[in-house]
Amino acid sequence: ASDSIDVREILDRRISEAMLRAFGDSAADADPMLTAATKEEFGDYQCNAAMSFAKKMKQKPRDVAAKIVEELQIADLCTEPQIAGPGFINLTLSTEFIQSKLRLMLNDKDRLGIEKKNPPQRIVVDFSSPNVAKEMHVGHLRSTIIGESICRLLEFLGHEVIRLNHIGDWGTQFGMLILYLKQVAPEVIKGEEVDLGDLVAFYKKAKVKFDENDEFKSNARKEVVELQAENEESMAAWRHLCEQSRKEFKKIYDELDITFEERGESFYNPYLKDVITSLQEQGLAVEDGGAQVVFLDGIANRDGSSQGLIVQKSDGGFMYSTTDLAAMRYRADVDRAERILYVTDVGQAFHFEQVFQVARRAGFVSDTVSLEHVPFGLVLGEDGKKFKTRSGATVKLKDLLDEAVSRAEADIVARLKAEDREESEEFIRSSSRKVGLSAVVYADLKTTRTSNYRFSFDKMLALQGNTAPYMLYAYARIQGINRKVGSEDLDLPSVDVVLDDISEKSLARHLIRLPRILAELEVELKPHTLCDYIFELSQKFNQFYERCSIANAESEELKRSRLALAQLTARVLKLSLHLLDIKPLERL
Ligand code: ARG
């Protein structure tokens, strides 16, 4: 058998080879059209190539299928292929093959048989990225959670990941805010501690004044000039504001175990002018009504004229997009990134479409570098409307996480009482934290990334269904079984796994799909597929555990085999949960 663990890849290749042998060059670029079987009784995979290829060859699909099967060399992987219906080829992995894959996984405690990518890619993940002097909102929370999960996966696969927090820490709004603070609360910019909530309130008042008062407006502009000239007093004020916001953001990051390098928008200031010059020299940026504008290819206004992206305003100020152009150039040139991911809400899709196009045309990013916007849907309230508190205010993330924890605690206390179990304060405190925070994280990740997501404490904390509590209890329960039945000296790699019962086989087939799930995740970046995978895994484990006793297995050999399956299930769960930013508890 092949040493590569990804079965799909091997089968794909074997089918292509068989088609080449059967039909020669006319099958040179025929698609093997391999999919997962729609029902377990059809086997593991289904090859649909015969139908479309038959059309091309003007032959009967079943005949084409028969010819493919005749040439197909897969005895090391599958049982005899079956032709069904109009010409589907059903493939079922052989027990020996499944066993050999299980052995690979059992042999490799940390990586479960998943090889590191060679060579690794350098990948920038731009995520979270809240704004200074503004509340970090639920959209940023989604970006943070999805981004972290993507980073963990890519790191596990061996890539060099550069995690960047592109904080909105620059812009003309700081001129306005600093001027306002100078007037009404000078202590705040002189280094006094200030709550982010207060800062946000100051910001809102400053904005009102800016819009209403012309004198304030023109003074604010002067303040911006001071800031851009890096006047020390203004810079100190700005740094202090950033520091106050950062403290607030950090609370969330610490709760969720998130790390990254902060490289805010201000980091790219020194490179902005050069971006404009380069765009002008290449004839890409042109003057339009005093501003510098790049007209976009293939993106038209209603009247058919080509749409322009403003890269510098008539007053000389730069834009959000200018910073992104400078950042892309820096990430390609200095960071040497080969893949750059942007995790933001779908609302920014057009922004990224525009800046990607300009960056490519300007040669800031070469064609070998992949630029990918990784969009996600809105976070909505349970009622499907805008997410806010009962009183209509915006929800503070810290409050939201705290509420999840306190609800989880109430659940745990009730459960312990019902089970008449006595646990320490510390156990209750730490398990509640774990369950509550994991519930928020998991609920977010299990939603199809691009869909809108309805935030519901009740749903995310439910013990049944695809939720964090369900997964955490499932893991703790399996570990409980492993502790109770397992002996310390069980040498997993040496166990021959028996796959006689259908539930054993079904569990095993699911376990060996892990590499494929991760391989698809690497491309698609959709964490919900991993959530679905482990949810199904725990269900398959339950079926197995109901039918196959471990403690009272008929023989010592069978007991060791079942224990190996149970331990492997636990390892797969633990690794998957880790990739979803959740560290499971051994006991719950
Ligand atoms: N600060 C932005 C926001 O709050 C997100 C930044 C995303 N990253 C980027 N490179 N544009 O919407």
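Check the entry above for the structure.
Summarised in this report is the structure supplied together with it. (Residues numbered from 1 in each chain as written. Predicted model: local features only at pLDDT ≥ 70, side-chain atom pairs only at ≥ 80, totals over all residues. Heavy atoms only, no water.)

1. Comments concerning the site of the ligand
For step 1, the next point in the chain: Around the ligand lies a shell formed by Asp126, Ser129, Asn131, His140, His166, Tyr320, Asp324, Tyr342, Thr344, Gln348 and Phe352.
For step 2, the next point in the chain: Between Asn131 and the ligand, the recorded distance is 2.8 Å, taken from a side-chain N or O atom to a nitrogen atom.
For step 3, the next point in the chain: Alone, the ligand offers 350 Å² of accessible surface; in the complex the protein occludes 89% of this.
For step 4, the next point in the chain: Breaking the shell around the ligand down by element, the ones donating at least two residues are α12 (320–333) and β11 (339–345). (Near = heavy atom within 4 Å. Polar contact = N/O pair within 3.5 Å; in protein donor to acceptor, adjacent residues only side chain to side chain. Areas by Shrake-Rupley, 256 points an atom, 1.4 Å probe, with all protein chains shown as cover. Helix = DSSP H or I, 4+ residues; strand = E, 2+ residues; numbered from the N terminus.)

2. Looking at the pairing of strand β10 (residues 306–312)
For step 1, the next point in the chain: For strand β9 (residues 291–300) and β10, the ladder comprises 5 bridges, and the chain directions are antiparallel. Following the sheet pairing, Phe295 is matched in β10 by Gly308.
For step 2, the next point in the chain: Count of turn residues in the β9/β10 antiparallel hairpin: 5 residues, of which Gly304 carries a positive phi of about 95 degrees. (Pairing = 2+ DSSP bridges.)

3. Side note on the sheet that holds strand β2 (residues 45–47)
For step 1, the next point in the chain: Judged by pairing direction, the sheet is antiparallel, and its 4 strands sit side by side in the order β1-β2-β4-β3 without closing on themselves. One side of each edge strand has no neighbouring strand; the edge strands of this open sheet are β1 (34–36) and β3 (82–84). Strand-to-strand, the axes of this sheet are offset by a mean angle of 30 degrees, without reference to chain direction.
For step 2, the next point in the chain: In this structure, β1 lies alongside β2, joined through 3 bridges in antiparallel fashion. Residue pairing for β2: Ala36 is matched across the bridge by Tyr45.
For step 3, the next point in the chain: Contacting β1, β2 and β4 (88–91), helix α1 (residues 7–23) crosses the sheet at an angle of about 145 degrees to β1. (Axes fitted to C-alpha atoms, helices over the stretch in contact; angles between N-to-C directions. Contact = heavy atoms within 4.5 Å.)

4. What about the nonpolar core?
For step 1, the next point in the chain: Within the largest apolar cluster, 162 residues are counted, with the highest numbers of intra-cluster contacts made by Leu91, Leu102 and Leu400.
For step 2, the next point in the chain: With 11 residues, helix α21 (residues 556–579) is the single largest residue contributor to this core.
For step 3, the next point in the chain: With sequence-adjacent residues up to four places away left out, Leu91 is seen in contact with Leu11, Ile15, Leu34, Phe42, Gly43, Asp44, Tyr45, Leu72, Ile74, Cys78 and Pro81.
For step 4, the next point in the chain: If you look at the next biggest cluster of nonpolar residues, it comprises 34 residues, including Val275, Leu279, Leu284 and Phe352. (Core = buried A, V, L, I, M, F, W, Y, C linked by side-chain atoms within 4.5 Å. Buried < 20%, exposed > 50% of the residue type's maximum accessible area, 1.4 Å probe, protein only.)

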